[in-house]
Amino acid sequence: MNLDQHLRAELGREADRQHAPAPDVESLIRGGRARRRRRTAARVGVAAAVAVLVGLGAYGVARIGSGGTAEPTTPSRAATPKTYEDTGGGTLAPGTYRMLVGVDGTGAEIHADVTFDDASWGADDYPVLYDTLGGAGSGGVAVYVPQGLSAGTGCLLSALNTNLADTPALLGDQLTELPQSTVLQSPGPVQMLGRPAVHVQLRIKNRCADVYRVAQTPYGGHGITYEPVRPVVIDFWVMDVRGASVIVETWHEVDVSSQMVDRLARTRDSITFVTGG
Amino acid sequence: MDTDEDFREFVTVRWASLYRLAYLLAASPTGAEDLLQTALEKAYVNWSRIGRMEHAEAYVRRMLANALVSSRRRASFGERPTDELPEAIGDSVEEPVLDRRLMWPLVCALPARQRAVIVLRYYEDLTEAQIADVLRCAPGTVKSQSSAAIGALRRALTASGIGEAVSES
């Protein structure tokens, strides 16, 4: 018997020896409700703080308009942004976060700073935006060097294509082959984030039991939708960053509000790649 | 059936199975309960979504593993990960066979992420790619963690004088 077999047998035996205590389901539900309240309260609290700041800003503008003296603001010294962290969908406080994008051809890490300017974002593997203004629905932004693209059925545990093209143009073509997708806009040249890029737009209807995986990224499997209910529209911009083909992505459910699409675009446009990262 | 009732039924039916996995991941009964409490509270928050999944239990099992490797959770288990496994001292081994009472303490002594990889690989029967998805890391990381864990276990077994009984896998 080899070590693999010993481990398999012993873990199974050890598990079988355990007698689970009776579950306290009501405690779990109370805890879950408390967790939900905290999440909601955090969102409302930050939203209120943002509203106050916006109000103060409007007051300042009004004073300028009426002849008041506007104090010049001193540019604050730019601090290193907080590192983005997946908290399982927990609230992402407004601010700028540094995300790992991947590595370039020399093996050096590429990072991007991304700014979230309202309190409707959650920190999942990549940031998720909840449509709190125009109705139900969700969307998100991602930026990554893909390690693989969805293949096979596209479902989380299905095949992965790791034989990726090494130019943005060819990678854009590969994106059109994602399983379960319909091409809404074929690959075409655009400018994005001040760089030449290839833009592709797809619609994906998740027919998986749970998660559809778009790509394997430095943060793991990047899934788009967990609910096989409504199709998702994904925009990809593929661009060269220090010799690596980087994908900038926004996605949203098909029927989210136009305000939400604008907010996703605003966040996407805030992306700045960190040089020398 | 409303969401709470559906969640109650899920927990009642799946509890024992989830507990066994949580125990292996956390390496202690109290850690297992702590891990389950956290993962199931999180699952409750999103139960309207998770409860509709065809494989809701598989999803919650992933949540358990993911919760373990979160650094915030690790501290609360009172765990002190180490690269050095304790010397394997057990009952005298008269025959060159692996004493099954030896293996589990060695697995318990692995750092949390390495232990998670081992449990997901050998108890949950996941592939490296699937483990990478669960732990949200690169497959290469899973490979290196698995290699480190297997290496540490093999060294400890060799130090106990029974390594020769465990053939290369």
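Residues numbered from 1 in each chain as written. Chains lettered and ligands numbered in written order. Predicted model: local features only at pLDDT ≥ 70, side-chain atom pairs only at ≥ 80, totals over all residues.

J.: Honestly, the pairing of strand β11 (residues 195-204) of chain A in this entry has me stumped. Any pointers?
T.: As a general feature of sheets, a regular strand has side chains that alternate between the two faces. All names here are of chain A. The pairing of strand β10 (residues 181-192) with β11 spans nine bridges and is classified as antiparallel. Bridge assignment links Val190 to a residue of β11, and that residue is Ala197. Counted along the chain from β10 to the antiparallel partner β11, the turn is two residues long, and its residue Leu193 has a positive phi close to 55 degrees. Judged from the eight bridges that link them, β11 and strand β14 (residues 232-241) form a sheet pairing that is antiparallel. If you follow Gln201 over to β14, its bridge partner there is Asp235. (Pairing = 2+ DSSP bridges. Helix = DSSP H or I, 4+ residues; strand = E, 2+ residues; numbered from the N terminus.)

J.: Any chance you could explain the sheet that holds strand β16 (residues 272-274) of chain A here in plain terms?
T.: Through backbone hydrogen bonds, the strands of a sheet pair up, either in parallel or in antiparallel fashion. What the four strands build is an open sheet, ordered β1-β3-β4-β16 (chain A); its pairing is mixed. In the strand order of this sheet, the two ends are held by β1 (82-83) and β16 of chain A, each with one partner.

J.: Explain the nonpolar core to me, please; I cannot follow it from the model alone.
T.: Looking at soluble globular proteins, one finds that nonpolar side chains tend to be buried together. By size, the foremost hydrophobic cluster in this structure holds 58 residues, and its most contacted members are Ala22, Leu25, Leu35, Ala39, Leu64, Leu68 and Ala116 of chain B. Elements with a contribution of two residues or more to this core: α1 (3-17) of chain A together with α1 (3-26), α2 (29-45), α4 (56-69), α6 (100-108), α7 (112-122), α8 (128-135) and α9 (139-159) of chain B. Among the elements that make up this core, the one with the highest residue count is α1 of chain B (eleven residues). Formed jointly, this core draws a minimum of three residues from each of two domains, domain 1 (1-82) and domain 2 (96-169) of chain B. Those residues in contact with Ala39 of chain B, other than ones at most four positions away along the chain, are Val60, Met63, Leu64 and Ala67 of chain B. Membership of the second largest hydrophobic core comes to 44 residues, among which are Trp121, Tyr144, Val238 and Trp251 of chain A. (Core = buried A, V, L, I, M, F, W, Y, C linked by C-beta atoms within 7 Å. Buried ≥ 20, exposed ≤ 12 C-beta atoms within 10 Å, placed from the backbone. Domains from an automatic or database assignment. Contact = placed C-beta atoms within 7 Å.)

J.: When you look at the interface of chain A and chain B in this model, what are you seeing that I'm missing?
T.: The accessible area lost on association of the parts is a frequent measure of interface size. Counting residues at the interface gives 37 residues for chain A, matched by 44 residues for chain B. Elements supplying a minimum of two residues to the side of chain A that touches chain B: α1, α2 (25-65) and β13 (220-223) of chain A. If one sorts the elements of the side of chain A that touches chain B by residue count, α1 of chain A sits on top with eleven residues. Each residue belonging to the side of chain A that touches chain B can be placed in one class, and the counts come to 16 nonpolar, ten polar and eleven charged. (Nonpolar A, V, L, I, M, F, W, Y, C, P; charged D, E, K, R; others polar.)

J.: Explain the confidence of the model for chain A here, please?
T.: Detailed reading of predicted coordinates is not advised where the pLDDT is low. Per-residue pLDDT for chain A averages 79, and the proportion of residues at 70 or more is 75%. Confidence over residues 40-77 of chain A falls short of pLDDT 50; this stretch has 15 contacts with residues more than four positions distant or in other chains. (pLDDT = per-residue confidence, 0-100.)

J.: Can you walk me through the sheet that holds strand β12 (residues 213-217) of chain A in this structure?
T.: Residues and elements named next belong to chain A. Taken in spatial order, the four strands line up as β9-β8-β12-β13 in an open sheet, and their pairing is antiparallel. The open sheet has two edge strands with one neighbour each: β9 (160-161) and β13. Direction of pairing for β12 relative to β13: antiparallel, over a ladder of four bridges. Across the sheet, the residue bridging to Thr217 is Gly220, located in β13.

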